[in-house]
Amino acid sequence: MAWISTAFRSAAVNMPVEVELLVPQPGYKSLRQTDGYKVMILLHGANNDRTEWLLKSQIFDMVKELPILVCMPSGKNSFYVNTANGYDYMDYVAKELPEWLKTMFRVSNKRENWLIAGESMGGYGALVCGLNHPERFGQIASFSGALDICDMGHRLPTFRMELIFGENWQQEIAENYNVYNYCHKVPQELRPRLYLCCGKQDGLYDMNVRFRNAVHGEYDLTWSEGDGGHDFGYWNERLKEMLAWFLGEEVSA
């Protein structure tokens, strides 16, 4: 597995963007000539950047011998939406980044081989990007997602929610960025598989259970809970479980 740090200019956010990549190397697991690697776009949480999963989780050890490319972009504190102040992070993550990866690496063109995942703010980002672009992502995973954005706006007083969602940010979220409602609007034939998890001691547990209940019976859903808080001690174990769910094989670390 090669670890690559690189950058390119994004039209969606109108600036250079940096990404961390874990890319399979020859000699681990071969593919047929017509195959391409599965892809996981892995999103960080609030007040962090593209290095969070590399520094705090065991992601490298878990995927180092697996046929999967992991892409970790930075989304600032954007909640991965097209923001009111002109930075189109959803377009960057859900459209521009996949197209860039396809031009640069030997990756699959099949939507079922594309996963978008993240923790906390990144868990919300995975769902809002994935549900808005189900033609690109056949799989979504949220680790303790910050899914009730209006509630998070009050929990995160240092966030300038009006810069992200506009002056009437609560109304904008309710109408356009509420994943509890938007999940029902995705065409049934395009609904991604979902992996959701949250620890019972996590302050975001209730909002995750509410989303689980909203999609129950409508999506191919895997739900995982148990003892744990809002931290990588809990997410590391769930990451291993989620990778096995996505790849269909056991994961060692």
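Visitor: Before we go on, may I ask you to explain the side chain of E20 in this structure?
Guide: Tracing the sequence through the fold places E20 in strand β2 (residues 15-23). Given the relative accessible area of 3%, E20 is considered buried. Reaching out from E20, the side chain makes a polar contact with the side chain of S5 at a distance of 2.5 Å. Here E20 is in contact with W3, I4, S5, R50, T51, L54, V70, C71 and M72, once residues within four sequence places are set aside.

Visitor: When you look at the packing of aromatic side chains in this model, what are you seeing that I'm missing?
Guide: Describing an aromatic ring pair means giving the distance of the ring centres and the angle of the ring planes. A complete count under the given rule lists 14 aromatic pairs for this structure. Where W100 meets F105, the ring centres are 6.3 Å apart and the plane angle is 75 degrees; that geometry is what we call edge-to-face. An aromatic cluster is built from W53, F143, Y195, F232, W235 and W245, whose rings are joined through pairwise contacts. Sitting over the ring of Y180, R210 keeps its end group 4.1 Å from the ring centre. When the ring centre of W223 is taken as origin, the NZ or CZ atom of R212, which lies over that ring, is 5.0 Å away.

Visitor: Just checking my understanding: could you explain the sheet that holds strand β3 (residues 38-43) for this structure?
Guide: Within a sheet, neighbouring strands are paired by backbone hydrogen bonds and run either parallel or antiparallel to one another. Spatial ordering of the open sheet is given by β1-β2-β4-β3-β5-β6-β7-β8, a layout of 8 strands whose pairing is mixed. Where the open sheet ends on each side, the last strands, each with one partner, are β1 (2-10) and β8 (221-224). The sheet shows a mean angle of 20 degrees between the axes of neighbouring strands, taken without regard to direction. In terms of strand pairing, strand β7 (residues 193-197) meets β8 through 4 bridges, oriented parallel. Residue pairing across strands places L194 opposite L221, the latter belonging to β8. Where helix α4 (residues 121-132) meets the sheet, its contacts fall on β3, β5 (114-119), β6 (139-143) and β7, and the angle it forms with β5 comes to roughly 150 degrees.

Rules used in this analysis
For every chain, the first residue of the written sequence is number 1, and numbering continues from 1 onward in sequence order. At least 70 in pLDDT is required for a residue's local features to be given in this predicted model, at least 80 for side-chain atom pairs to be given and counted, and no such filter applies to totals for whole chains, interfaces and linings, which use all residues. Computation of side-chain values covers all heavy atoms of the structure but excludes hydrogens and water. Helix and strand definitions follow DSSP, with helices as H or I runs of at least four residues and strands as E runs of at least two, each counted in order from the N terminus. Relative accessibility thresholds used throughout: buried, under 20% of the residue-type maximum; exposed, over 50%; partly exposed, between the two (1.4 Å probe, protein chains only). Two N or O atoms form a polar contact when they lie within 3.5 Å of each other; inside protein one atom must be a possible hydrogen donor and the other a possible acceptor, and for residues adjacent in sequence the pair counts only when both atoms belong to side chains. The contact criterion used throughout is that any non-hydrogen atoms of two residues lie within 4.5 Å. In summary, the pairing rule links any two rings of Phe, Tyr or Trp, Trp by its six-membered ring, whose centres are within 6.5 Å, and it sorts them by plane angle into stacked for under 30 degrees, edge-to-face for over 60 and tilted for everything else. The rule is short: NZ of Lys or CZ of Arg within 6 Å of the ring centre and within 35 degrees of the ring normal puts a charge over the ring. Here, strands pair whenever DSSP counts at least two bridges between them. Lines fitted to the C-alpha atoms define the axes, with helices restricted to the stretch that makes contact. Angles between their N-to-C directions range from 0 to 180 degrees.

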